[in-house]
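A look at the structure
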Amino acid sequence: MARISRRNLLRSGLALSTSSLIARSAWARTAVLFPSEGQAAGAITAQRATAPREQFLFDFGWKFIFGNGNDPSRDLGFGKSQEDFAKTGDFKFAKAGYDDAKWRSLNLPHDWAVELPFVRDHSLQSHGFKPLGRSYPETSVGWYRKEFEIPASDAGRRVALEFDGAIRDVLVFVNGCFIGRSDSGYVPFRFDITDFLAVGAKNCVAARVDASFGDGWFYEGAGIYRHVWLTKSDALHLEQWESFVRAELKGDAAALTLGTMVTNEGKDAQSANVKWEILDAAGKTVATAEAPAQQIAADGAGTFTATARIARPALWSVEVPNLYAAVVSVVAGGMVRDAERVTFGVRTARFDADRGFFLNGKHVKIQGTCNHQDHAGVGAALPDRLQAFRVGVLQEMGCNAVRTSHNMPTPEFVAACERMGMMMMCETRQMSSSPEGLAQLETMIKRYRNSPSIILWSIGNEEWHLQNDMAEEGAKIAATMVRRCHELDPARVVSAAVNGDNSKGVSEALDIIGFNYNLKYPDGYHKQHPTKAVYGSETASTLSQRGVYQTDPLRNTVSAYDMNHTSWSELAEEWWTFYGTREWLAGGFAWTGFDYRGEPTPYGWPSINSNFGIVDMCGFPKDNFFYYKAWWTKEPVLYLFPHWTWEGREGDEIPVWVHSNLDEVELLVNGKSLGRKTVPRLGHVEWKVRYEPGKIVAHGWKDGKLLLTEERETTGPVAALKLTADRVEIDADGEDITMLTVSAADSQGRIVPTADTLVDFKVAGEGALIGVGNGDPNCQESDKKPRRSLFNGLAQAIVQSTRKAGTIEIEASTKTGGVTPAKVAVTTKKVELRPSV
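First, a word on scope: everything that follows refers to the structure included in this document. (Residues numbered from 1 in each chain as written. Predicted model: local features only at pLDDT ≥ 70, side-chain atom pairs only at ≥ 80, totals over all residues. Heavy atoms only, no water.)

Some points on the overall build of the chain
Scanning the chain from N- to C-terminus turns up 10 helices and 45 strands. Against the 2.2 N^0.38 benchmark of 28 Å for 837 residues, the chain shows a C-alpha radius of gyration of 27 Å, consistent with a compact globule. Taking the principal axes of its C-alpha atoms as reference, the chain extends roughly 90 × 65 × 55 Å. The buried share of the chain, reckoned over its 837 residues, is 61%. Only carbon and sulfur atoms are counted for the fraction: they give 50% of the accessible area of the chain, which is about 31100 Å². Taken together, the 93 basic and 102 acidic charged side chains of the chain have centroids lying 3 Å from each other. (Helix = DSSP H or I, 4+ residues; strand = E, 2+ residues; numbered from the N terminus. Rg over C-alpha atoms; globule rule 2.2 N^0.38 Å. Buried < 20%, exposed > 50% of the residue type's maximum accessible area, 1.4 Å probe, protein only. Areas by Shrake-Rupley, 256 points an atom, 1.4 Å probe, with all protein chains shown as cover. Lys, Arg positive; Asp, Glu negative; His and termini not counted. Charge placed at Lys NZ, Arg CZ, Asp CG, Glu CD.)

A short note on helix H10 (residues 624-632)
The buried fraction of H10 is high, at nine of nine residues. Of all the positions in H10, only Asn624, Phe625, Phe626, Tyr627, Tyr628, Lys629, Ala630, Trp631 and Trp632 are classed as buried.

As for the sheet that holds strand S20 (residues 356-359)
Reading across the sheet, the three strands line up as S19-S20-S21 and stay open at both edges, with antiparallel pairing between neighbours. Looking at strand neighbours, the two that pair on one side only are strand S19 (349-352) and strand S21 (362-363), the edges of this open sheet. Two strands pair when backbone bridges link them, and S19 and S20 are joined in this way by four bridges, in the antiparallel orientation. Residue pairing across strands places Ala349 opposite Leu359, the latter belonging to S20. (Pairing = 2+ DSSP bridges.)

Observations concerning the nonpolar core
With 92 residues, the main nonpolar core has Ile459 and Tyr628 as its most contacted residues. Ranked by residue count, the leading element in this core is H10, at seven residues. Residues in contact with Tyr628, not counting those within four places in the same chain, are Met397, Ala540, Ala572, Trp575, Ala590, Ile614 and Thr633. Formed by 41 residues, the second largest nonpolar core is a distinct cluster that contains Trp62, Ile167, Phe189 and Val205. (Core = buried A, V, L, I, M, F, W, Y, C linked by side-chain atoms within 4.5 Å. Contact = heavy atoms within 4.5 Å.)

Comments concerning the packing of helix H3 (residues 384-396) against helix H4 (residues 411-420)
At a minimum axis distance of 9 Å, the contact between H3 and H4 shows a crossing angle of 45°. In this view, H3 runs oblique relative to H4, as classed from their interaxial angle. The chirality of how H3 crosses H4 is right-handed. Here Asp384, Gln387, Ala388, Val391, Gly392 and Gln395 of H3 lie close against H4, whose contacting residues are Glu412, Phe413, Ala416, Cys417 and Met420. (Axes fitted to C-alpha atoms, helices over the stretch in contact; angles between N-to-C directions. Parallel < 35°, antiparallel > 145°, perpendicular 65-115°, else oblique. Left-handed = near helix turned anticlockwise from the far one by under 90°.)

Structural notes on the side chain of Ser317
Counting through the fold element by element, Ser317 comes out in the loop between strand S16 (300-311) and strand S17 (324-332). According to the relative accessible area criterion, Ser317 is buried, its value standing at 13%. A polar side-chain atom of Ser317 sits 2.9 Å from the main-chain amide nitrogen of Val320. Excluding residues within four positions of it along the chain, Ser317 makes contact with Leu359, Asn360 and Gly421. (Polar contact = N/O pair within 3.5 Å; in protein donor to acceptor, adjacent residues only side chain to side chain.)

Quick look at the pattern of salt bridges
A complete count under the given rule lists 48 salt bridges for this structure. In this structure, the salt-bridge partner of Lys362 is Glu319, at a minimum N-O distance of 3.7 Å. Residue Lys362 is located in strand S21, and its partner Glu319 is located in the loop between S16 and S17; the two are separated by 43 residues in the primary sequence. The exposure class of Lys362 is partly exposed, given its relative accessible area of 46%. Judged by its relative accessible area of 56%, Glu319 falls in the exposed class. A salt bridge links Glu487 to Arg484; the shortest N-O distance between them is 2.9 Å. In this pair, Glu487 and Arg484 are both assigned in helix H7 (residues 471-488), three residues apart and thus about one turn of the helix distant. Owing to a relative accessible area of 23%, Arg484 belongs among the partly exposed residues under this scheme. Shared partners join several salt bridges into a network, and the residues in it are Glu242, Glu442, Lys446, Arg484 and Glu487. (Salt bridge = Lys/Arg side-chain N within 4 Å of Asp/Glu carboxyl O.)

Written as structure tokens, this is what we have:
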């Protein structure tokens, strides 16, 4: 490839790969730290741009149509004739006024893979049996286009088009011209499109997204599944993601090291200086700083640094996630030419080889989960609020850390973790010291190095060859990556998820050592390397299905009791007893928090998603959830299972388990006590009980006193549906959502735990149904149609607001005779909308 100068690259907007131009808006779209009047404080949304810069959400009003990976005649003629393009250089579909009447209207984020039918093809198993790849050209390519106005007042400003992520190979066109491409599914990409825009007129952007080739071996989705933005800035502006704030605690104060880069894309040299204003969570100025003026040549850049001090800072912690903001401003000619707001926190994070992990000097055991990024109903295209929902589900069981398996996470997920007090192991997709691999790593670190939630970087996952037969090369690759991490962020340690003994290869360069499974290795490694901190980078892989209590390979079912795991993995009790009882182990990350599409271990078709989750695809807890809650939280826990509705199994022996952190548990069956049992530390208690209809009751005792009681009762047939919303008031912004849970009750109002009723949804008013699910790994019903079967008594619907305040009426009904439908009303309140185009 011919070398391209930085000036030409920026001016033309060309981007041939992530490594061609690591360029991005410096606007800190991390969290709404300081909601103004009329804005929702609870939603995790993008940070507003700081004047005079403008940033517009570019998600609304797109058109979409399938292309074709093999046939140009069904791919808008794209690639049919190189000669024709060489003569005309014209892509008509990317021009304003093009006839797109046959295209589908939609808003972003969008994942078309979740909309596709399931296909029985073993090669698709890891990706959830969705027809993507070279063998499925008709569903592997999608086209997006959007027309928009650029007002005459924008003349002289720089305009950039920014994508937070798309799966996977993307070609971007503006006003009939090819602009550039991106070939990574998780790294954001940006094009300066200033020279291609018609000012004071209508413009058009188009994108061809080819999902034929994936980045991973898991469900990734397809399409523009993250946000898109249009940014307008002065020719003299802050370089993207170059602003950093490093906080170091010194006594009762925080010493801040501040830095940024200013770029001048104007025709003349400029004398500029940079100012910082540090704000606390209430918006009060707690510190200021200023860097001396520099002369910045045309098409040049300057680096600015300064220091500041915060007296008695409010620390970021898991319990109280205090956040600060640094407003960074570029001043030239007596005017603020550009500004951005960077979210950061003040805290210390230290891994100790003898005592584990410390946050703010306090010993904290990492109680973590690994997670992919898809969810029931929406695939990989999660609304912002759903990120917070998922974090909240994990926190309910005591999870205090997440690993972004196996890719750079979406900004809104990081924002949710920052605001809600969730630590993070942030992982790059590609373990490589190639220009592309380093560019992806660099983008991730620059984008997220100000986040207090991130406690370590991960340079990759389970790279067998680099750990074994290419160990020498692996050591060199890892050393280069670790060195670059330290250059960009000297404050954090670097690690990787290694499935082996960590004796060679990539492990040689790592600051701290992560073990994937293999409980036989950590003790020996600790003895041989007593100065290296150790943690579990991936553990558990326990198998279970919600509400299922018999493992049956003929039906692809796995019991929810903590009794099933793969040949390489462990039960929940096994791994946590190991990591939870060794002080020198920092803790670990269980695989996985949520179930995810693909990898339907231990089965194949018709199973379409994993069984590894502690919660299912919807976030409904499996029984192991309460094992973790018992030992990961301080609140008293008494959880009795299974249910007690076993029609046709009268007289059969049913295992009855209790997860609890109390001293003793007593079990009663229809009023008869089966005695008390002492709860073993990090374990559970169980009985074998002959089934007879009625009631089982567990009494939990602490210090000789009855503290908690739980019961399960035999239910009757379904008589009514129940519908509940996690929030009955949401924002009327076209983005916010409410999560609805559907269950079934008998004539006495008791939830029927075995119900499989097919439920129809009807949504009226200022909202729309965007997805449904039920957590059943064997269910092949559509995620998008307005109906879903209950799976062991539960299903989920996701409803999104319009941009008009009002009411959303949601009804759940069934064609089953004699079953009363359920309704719920959700209010959508008027809020200040994010600027959008």
